[in-house]
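Observations on the model geometry
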Amino acid sequence: MTSPHAFSQAERDAVYRAIRERRDVRRFKSDPVDDAVLARLLRAAAHAPSVGYMQPWNFLVIRDMGVRKKVHAAFQLANNEAKHLFHDERARQYAQLKLEGILESGLNICITCDRSRFGPVVLGRTCQPDMDLFSTVCAVQNLWLAARAEGIGVGWVSIIKPEDLRAILELPQPVVPIAYLCVGHTETFASEPELKTAGWLPEVPLDNLIFADLWGKAR
């Protein structure tokens, strides 16, 4: 039975398509992102669920190439360190992966979490204090899905040290960098995640991840 609160079939199909076809984009065109599109993406991010309605996020929209070059240098340093953690064939495979588009993309966005917003006691964080971090990650996902619907590519650069981002972007102490995103137009969206296509790790069947009532109990 379909819920009376459900969207139309076409609207539901669009939501599930955006989820299914979201990709971590690394290859960008230099075309600028339209300001109206960017505003819609940021509004979508700000509609994310937030614990205690604390809205812990900020969005640093970074177009300045001087700042981006500093971030890129920090990425290169971290990436060179990461290469030594892999060995033999896996190391060679890692070296061939393109893992960022910091300088090529139309713009960068750093999404942060202000852990001090609305004071030390926030509804929903009294037992699980990291819920503000999780809320901010929800904002990242909202932006990513909205970008896919707009035909805009997003790539999350995780191979960079948070303390380097903090210094480069002059973040105050209570503010934590959560996601450094490359955002812009792209020639194509891959039909499958790039690391899946590269065989980096096997896909885990969904049925293997679902339990009933207790951990490990089959449905």
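The text that follows walks through the structure, step by step, so that each part is easy to find. (Residues numbered from 1 in each chain as written. Predicted model: local features only at pLDDT ≥ 70, side-chain atom pairs only at ≥ 80, totals over all residues. Heavy atoms only, no water.)

As for its position among the elements, Arg22 is in the loop between helix 1 (9-21) and helix 2 (35-46). For the pair Arg22 and Gln141, spaced 119 residues apart in sequence, the C-alpha to C-alpha distance is 9.7 Å. Ignoring any residue separated from it by four or fewer positions in sequence, one finds Arg22 in contact with Gln141, Trp144, Leu145 and Arg148. (Helix = DSSP H or I, 4+ residues; strand = E, 2+ residues; numbered from the N terminus. Contact = heavy atoms within 4.5 Å.)

With that settled, consider the pattern of salt bridges. This structure, assessed with the given rule, holds 17 salt bridges. Here Glu81 makes a salt bridge to Lys161, at a shortest N to O gap of 3.1 Å. Highlighted residues: Glu81 in helix 3 (residues 65-83) and Lys161 in the loop between strand 3 (153-156) and helix 6 (162-169), separated in sequence by 80 residues. Across the pair Arg115 and Asp132 runs a salt bridge whose closest N-O atoms are separated by 2.9 Å. (Salt bridge = Lys/Arg side-chain N within 4 Å of Asp/Glu carboxyl O.)

Ranked by size, the top nonpolar core spans 23 residues in total, and within it Ile109, Ile111, Leu143, Val154, Leu181 and Val183 carry the most contacts. At the level of secondary structure, the elements contributing two or more residues to this core comprise helix 2, strand 2 (107-114), helix 5 (131-150) and strand 4 (175-184). Within the second largest apolar cluster, 21 residues are counted, among which are Ile62, Cys110, Val157 and Leu165. (Core = buried A, V, L, I, M, F, W, Y, C linked by side-chain atoms within 4.5 Å. Buried < 20%, exposed > 50% of the residue type's maximum accessible area, 1.4 Å probe, protein only.)

Spatially, the four strands line up as an open sheet ordered 1-2-4-3, and their pairing is antiparallel. Strands with a single pairing partner mark the edges of an open sheet, and in this sheet they are strand 1 (57-62) and strand 3. Strand-to-strand twist of the sheet, defined as the mean angle between neighbouring strand axes without regard to direction, takes the value 25 degrees. With six bridges joining them, strand 1 and strand 2 adopt antiparallel strand pairing. (Pairing = 2+ DSSP bridges. Axes fitted to C-alpha atoms, helices over the stretch in contact; angles between N-to-C directions.)

Here we take up the side chain of Arg68. Inspection of the secondary structure puts Arg68 in helix 3. Put simply, Arg68 is tucked away with no salt bridge, and the nearest opposite charge, on Glu104, sits 6.8 Å away. There is a polar contact of 3.0 Å between the side chain of Arg68 and the backbone oxygen of Ile102. Once residues lying within four places of it in the same chain are set aside, the contact partners of Arg68 are Ile62, Arg63, Ile102, Leu103, Glu104, Ser105, Gly106, Leu107, Asn108 and Tyr180. (Lys, Arg positive; Asp, Glu negative; His and termini not counted. Polar contact = N/O pair within 3.5 Å; in protein donor to acceptor, adjacent residues only side chain to side chain.)

The element strand 4 is largely enclosed, with a buried count of nine among its ten residues. Where strand 2 and strand 4 come together, eight bridges link them in antiparallel fashion. By the bridge assignment for strand 4, Asn108 is matched with Cys182. Where strand 3 lies against strand 4, four bridges are found, and the strand directions are antiparallel. Within the sheet, the bridge partner assigned to Gly155 lies in strand 4 and is Cys182.

For strand 2, the tally of buried residues reaches eight of eight residues, placing the bulk of the element in the interior. Burial along strand 2 is two-sided: the residues Leu107, Ile109, Ile111 and Cys113 and Asn108, Cys110, Thr112 and Asp114 are all buried.

Positive phi outside glycine occurs at Asp88, with the angle close to 55 degrees. Relative to the helices and strands, Asp88 is located in helix 4 (residues 88-96). The exposure class assigned to Asp88 is exposed, which follows from its relative accessible area of 61%. The phi torsion at Glu170 lies on the positive side, around 55 degrees, for a residue other than glycine.

Further remarks concern the packing of aromatic side chains. Summed over the entire model, instances satisfying the criterion amount to five aromatic pairs. Ring plane angle 25 degrees and centroid distance 4.9 Å describe the contact between Phe86 and Tyr94, whose orientation is recorded as stacked. Since its relative accessible area comes to 27%, Phe86 is described here as partly exposed. Ring plane angle 70 degrees and centroid distance 4.8 Å describe the contact between Phe211 and Trp215, whose orientation is recorded as edge-to-face. When its relative accessible area of 33% is taken as the criterion, Phe211 is described as partly exposed. Taking the relative accessible area as the measure of exposure, Trp215 reaches 81% and is therefore exposed. An aromatic cluster is present here, built from Phe86, Tyr94 and Trp200 joined pairwise through their rings. Sitting over the ring of Trp200, Arg90 keeps its end group 4.0 Å from the ring centre. Above the plane of the ring of Phe189 lies Arg148, whose end atom (NZ or CZ) is 3.9 Å from the centre. (Phe/Tyr/Trp six-rings, centres within 6.5 Å; stacked < 30°, edge-to-face > 60°. Lys NZ or Arg CZ within 6 Å of the ring centre and 35° of its normal.)

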